[in-house]
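This is what each chain is made of:
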Amino acid sequence: LLEQGDVEGACRAFERALATEPEFPDAHWNRGLARLVSGTLKDGFADYEYRWRLPEFTPRHVDIPLWHGEGLEGKSILIHSEQGFGDTLQAVRWIPEVFRTSKTLTLEVRAPLQRLLQQGLKWLGPGLEVRVRNAEKEISGCHGSILSLPGLLHAEFWPDAEVLRLPKPKRSFSRPRIALVWEAGRYLDDPTKALEYRRKTIPLDDLELLCRAIRQRGVDLVLLQPGYDIPLKADFLEQAQLMQRCDLLLSVDTAAAHLGGAIGHPTWLLLPWASASRWQRNREDTPLYSTMRLIRQPKHGDWSGLI
């Protein structure tokens with residue numbers, strides 16, 4: 001029901017399940033996603049925390065206390081990343097608020113994000129450390145997941161996303177330039193993620209149509225897909241720097257789109273008809289990112305119609 005766009009029907013179905021089994025974690029988690037589609041953030045984030053009762057979500061740092069949202073005056077806190085790169089980039093907006101009340105904050109992320117966040121959050125000043133997950137270092141204080149922060153902060157709206165402050169490069173080109181990302185993350189071992197990859201990725205024939213149409217309009221293309229105009233092993237700081245040398249990012253629903261939003265770069269997001277809950281439904285803008293425009297398939301699987 002949710003993927004067919006019937007948010008109200010999906011919520012009713014999850015609530016019937018919860019009437020039978022009030023602590024059923026799958027129903028809570030999925031109702032949370034449905035609530036986020038409709039913009040009911042506080043209740044949606046509360047339901048989202050039920051993911052920790054599912055076997056595929058393993059808590060980290062169980063040897064130190066878990067933060068429950070209480071005051072952090074004079075305390076140290078470790079915030080660790082969870083799930084995909086895009087999820088971390090979407091959630092990094094909450095770090096300044098947590099950091100303001102803590103003595104020190106350690107942000108633990110996967111290696112490709114470290115340099116970007118070190119440089120982009122440098123404006124927060126000393127006391128903030130960005131390190132790679134699983135680094136051998138003694139941990140003190142309390143900890144929490146970066147995706148749990150909006151629930152712990154009782155958020156009812158999305159704060160400003162443009163928290164990554166990078167130096168702006170000088171324009172060194174005369175013709176308009178578009179950075180293009182057409183493929184979502186290749187997590188193909190899991191059937192659900194493989195379905196998401198196929199749904200979000202532009203097929204080759206449609207990609208050729210898109211590239212040809214852009215070039216016919218006198219616009220240069222920069223292929224921001226790793227392995228093309230950027231090295232396959234490039235990190236997110238390198239991707240951000242090349243993105244900033246273009247007038248516009250044109251991206252499918254993948255981490256590059258969140259990167260564009262988090263650095264305040266003009267971004268057009270190309271969405272499948274049944275898009276993720278964060279993008280809601282039937283709107284061309286998003287409360288997540290002020291510099292982003294949403295362009296949706298007119299019907300399921302219709303990339304050529306979107307183009």
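Look above for the structure.
If you're wondering where the values come from, they're calculated on a predicted model, not measured in any experiment. (Residues numbered from 1 in each chain as written. Predicted model: local features only at pLDDT ≥ 70, side-chain atom pairs only at ≥ 80, totals over all residues. Heavy atoms only, no water.)

A. Here's a closer look at the packing of aromatic side chains. The tally for this structure, following the rule as stated, stands at eight aromatic pairs. Here W29 and Y48 contribute two aromatic rings whose centre-to-centre distance is 6.4 Å and whose plane-to-plane angle is 45°, an arrangement assigned as tilted. Of this pair, W29 sits in helix α2 (residues 25-37) while Y48 sits in helix α3 (residues 41-48), placing them 19 residues apart in sequence. This pair shows no difference in class: W29 is buried, exactly as Y48 is. Put simply, the rings of W29, Y48, W52 and F57 pair up and form one aromatic cluster. Just above the ring of Y289 sits the side chain of R93; from NZ or CZ to the centre is 5.1 Å. Directly above the ring of W268 sits R293, whose terminal nitrogen or CZ lies 4.8 Å from the centroid. (Phe/Tyr/Trp six-rings, centres within 6.5 Å; stacked < 30°, edge-to-face > 60°. Helix = DSSP H or I, 4+ residues; strand = E, 2+ residues; numbered from the N terminus. Buried < 20%, exposed > 50% of the residue type's maximum accessible area, 1.4 Å probe, protein only. Lys NZ or Arg CZ within 6 Å of the ring centre and 35° of its normal.)

B. Broad picture of the sheet that holds strand β2 (residues 104-109). The strand order β3-β2-β1-β4 describes an open sheet built from four strands, whose pairing is parallel. This sheet does not close on itself; its edge strands, each paired only once, are β3 (128-132) and β4 (142-145). Taking the axes of each pair of neighbouring strands and ignoring which way they run, one obtains an average angle of 20° across the sheet. Both β2 and β3 contribute to a ladder of five bridges, which runs parallel. Across the sheet, residue V109 finds its bridge partner in β3, namely V132. (Pairing = 2+ DSSP bridges. Axes fitted to C-alpha atoms, helices over the stretch in contact; angles between N-to-C directions.)

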